[in-house]
Amino acid sequence: MTTATAGETGRASSAAHVAHNYNPLPVIAEYAAGAWITDTDGRRYLDMLGAYSAMNFGHGHPRLVAAARAQLERMTLVSRAFDHNLLGEFAARLTALTGTEMMIPMNTGAEAVETAIKIARKWAYEVKGVPDGRAEIIVAAGNFHGRTTTIVGFSDDPGARNGFGPYTPGFISVPYGDADAVARAVTPNTAAVLLEPVQGEAGVIIPPPDYLPAVRRLCTERGVLFVADEVQSGLGRTGTTLAVERVGVTPDLVVLGKALGGGIVPVSAVVGRREILGVLRPGQHGSTFGGNPLACAVGLAVVELLSDGYFQRRAARLGDVLAEQLNRLRGRGVNQLRTAGLWAGIDIDPELATGRQICERLATRGILAKDTHGSTIRLSPPLVIEEDELVWAVGELGAVLAELESNRGVRR
Ligand SMILES: *Cc1c(COP(=O)(O)O)cnc(C)c1O
């Protein structure tokens, strides 16, 4: 056995004793600041993934670290059995930021999605009058809402779903981007339509501009809740606080996570109107860690960072740069391209390479990115990234594509 352990070398990979539910790039990170990650050999990489948009404000943002550090010294957990001094303030500030009235704090994105599902079902029984046990929730093909047993049951990604049944009933899947398909799926028992305003994991799929407004109108007409999963799209990524703002839509419930924890602690929440969240009464839902003082301190600092619009504007401006730079690669190894703010899905010519192969080559050039679904690469760098870094990264992607193209020429 030559497998080194962390104790021996200080830089072993996680492969020996961690379940193989991920296939990480061969880089062992040790330190990170802003948009840069340093590995155990001292090599530096530009972080073009930003922890799937959980790292919107950059690694070690001084205001977030200061808020966490100060709170660590004061109090970190009392459970929801007791109130504490930061929960009310966090809730007030988060609901003000999102134009809502009430929030429920959780930890991970999947937990918050589960929470929204529970609220929607309870609302359907208590307010809409759906017969008990019959509530239906309409979801979209290509969705990604997390990894719990209920959520993977309405995924159509075989990797995420297969082998984890039996699946929770009550979910109806329709094609994404087609409001008529949603309309046809609505029945008197429909509690909610649950959608990502932009499908992140699917490859940054942006629906037609009239899709979300049409679904909103339909939900209002038919007495159905519109639940937007903004775990990845929300909190500045697309150039607005919420991605639904891009098309002027106000959902009934919004699910937040990822960047809400500032890349420091898991913080998620469901926000919405009082009359909807109000269906939950004491004892009916909860979380040991949800809304803990450390999470609230960091979450509050995140909301403060977003409250003057600086990061949203920065995402929009840098997003234009990203789109312009990437556009130059169209037809030069890039087949399709989708951007929303500082967020891109890039479909590489599958004849050229898989997304994984591209990401491996980018890593050797000092750029960390992540593939999704075959030949698609998704970019969601921290919003603190500088314009010249962004231009450099896309240039390197162009160089990798040119390299692969010339190899192909040799093979011919
Ligand atoms: C990441 C993600 C989730 C799940 O969040 P976790 O914190 O990993 O549970 C849910 N919805 C969307 C849209 C996501 O991108």
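Residues numbered from 1 in each chain as written. Predicted model: local features only at pLDDT ≥ 70, side-chain atom pairs only at ≥ 80, totals over all residues. Heavy atoms only, no water.

Undergrad: Looking at this structure, I do not really get helix H12 (residues 310-327). What am I missing?
TA: Every α-helix winds through 3.6 residues per turn, so residues three or four apart in the chain are directed the same way. Its 18 residues give H12 an end-to-end C-alpha distance of 26 Å, which sits within 8% of 26 Å, the value for a rise of 1.5 Å per residue. What H12 keeps buried is the set Phe311, Gln312, Arg314, Ala315, Leu318, Gly319, Val321, Leu322, Ala323, Gln325 and Leu326. (Helix = DSSP H or I, 4+ residues; strand = E, 2+ residues; numbered from the N terminus. Expected span 1.5 Å × (residues − 1). Buried < 20%, exposed > 50% of the residue type's maximum accessible area, 1.4 Å probe, protein only.)

Undergrad: How should I be thinking about the sheet that holds strand S13 (residues 367-368) in this particular structure?
TA: Strand pairing in a sheet is mediated by backbone hydrogen bonds. Such pairs are either parallel or antiparallel. Read from one edge to the other, the open sheet built from four strands follows the order S1-S2-S3-S13, with strand pairing classed as mixed. The sheet is open, and its two borders are formed by strand S1 (29-33) and S13, each paired with just one other strand. Here S1 runs beside strand S2 (residues 36-39); their pairing, made up of four bridges, is antiparallel. By the bridge assignment for S2, Ala32 is matched with Ile37. (Pairing = 2+ DSSP bridges.)

Undergrad: What should I look at first to understand unusual backbone geometry in this one?
TA: Leave glycine aside and you will find that most residues have negative phi; peptide bonds, for their part, are mostly trans. Residue Pro166 follows Gly165 across a cis peptide bond; omega there is 0 degrees. Secondary-structure assignment places Pro166 in the loop between helix H7 (158-161) and strand S6 (171-174). One non-glycine residue, Tyr52, adopts positive backbone phi at about 55 degrees. Overall, the relative accessible area of 23% leaves Tyr52 in the partly exposed class. One non-glycine residue, Ser79, lies in the positive phi region at around 70 degrees.

Undergrad: Looking at this model, I keep getting lost on the site of the ligand. Mind explaining?
TA: Inspection of the region around the ligand gives Thr108, Gly109, Ala110, Phe144, His145, Gly146, Glu196, Asp229, Val231, Gln232 and Lys258 as its neighbouring residues. Here an oxygen atom of the ligand and a backbone polar atom of Ala110 are 2.8 Å apart. In the complex, 82% of the free accessible area of the ligand, which totals 380 Å², lies under the protein chains. Of the residues that constitute the shell around the ligand, the class distribution is three nonpolar, five polar and three charged. (Near = heavy atom within 4 Å. Polar contact = N/O pair within 3.5 Å; in protein donor to acceptor, adjacent residues only side chain to side chain. Areas by Shrake-Rupley, 256 points an atom, 1.4 Å probe, with all protein chains shown as cover. Nonpolar A, V, L, I, M, F, W, Y, C, P; charged D, E, K, R; others polar.)

Undergrad: I tried to follow the packing of aromatic side chains on my own but got confused; where do I start?
TA: By convention here, two paired aromatic rings are described through the distance between centres and the angle between planes. This model, assessed by the stated rule, comprises five aromatic pairs. On the basis of an interplanar angle of 85 degrees and a centroid distance of 5.0 Å, the ring pair of Phe57 and Phe311 is categorised as edge-to-face. Of this pair, Phe57 sits in the loop between helix H2 (50-53) and helix H3 (62-74) while Phe311 is found in helix H12, placing the two residues 254 residues apart along the sequence. Ring centres 5.4 Å apart and planes at 75 degrees place the aromatic pair Tyr176 and Tyr211 in the edge-to-face group. Taken as a pair, Tyr176 in the loop between S6 and helix H8 (179-185) and Tyr211 in helix H9 (residues 211-222) lie far apart in primary sequence, 35 residues in all. Relative accessible area serves as the criterion here: at 1%, Tyr211 is assigned to the buried category. Taken together, the aromatic side chains of Phe57, Tyr310 and Phe311 make up a single cluster linked through ring pairs. Cation over ring: Arg44 sits above Trp36, and NZ or CZ is 4.5 Å from the ring centre. (Phe/Tyr/Trp six-rings, centres within 6.5 Å; stacked < 30°, edge-to-face > 60°. Lys NZ or Arg CZ within 6 Å of the ring centre and 35° of its normal.)

Undergrad: Whenever I open this one, the domain arrangement of the protein confuses me. Can you help?
TA: You'll often see interface size given as the accessible area lost when the parts meet. For the protein, the assigned domains read domain 1 (6-60 + 310-410) and domain 2 (75-307). Placing a centre on the C-alpha atoms of domain 1 and another on those of domain 2 gives a separation of 27 Å. At the junction of the two partners, domain 1 supplies 26 residues and domain 2 supplies 27 residues. Buried area between domain 1 and domain 2, summed over both chains or domains, comes out near 2200 Å², and the portion from carbon and sulfur atoms is 58%. Interface area lost by domain 1 to domain 2 is led by Phe57, Gln312 and Trp343, which between them contribute 33%. On the surface where domain 1 and domain 2 come into contact, there are one salt bridge. (Domains from an automatic or database assignment. Contact = heavy atoms within 4.5 Å. Buried area = accessible area lost by both parts, 1.4 Å probe. Salt bridge = Lys/Arg side-chain N within 4 Å of Asp/Glu carboxyl O.)

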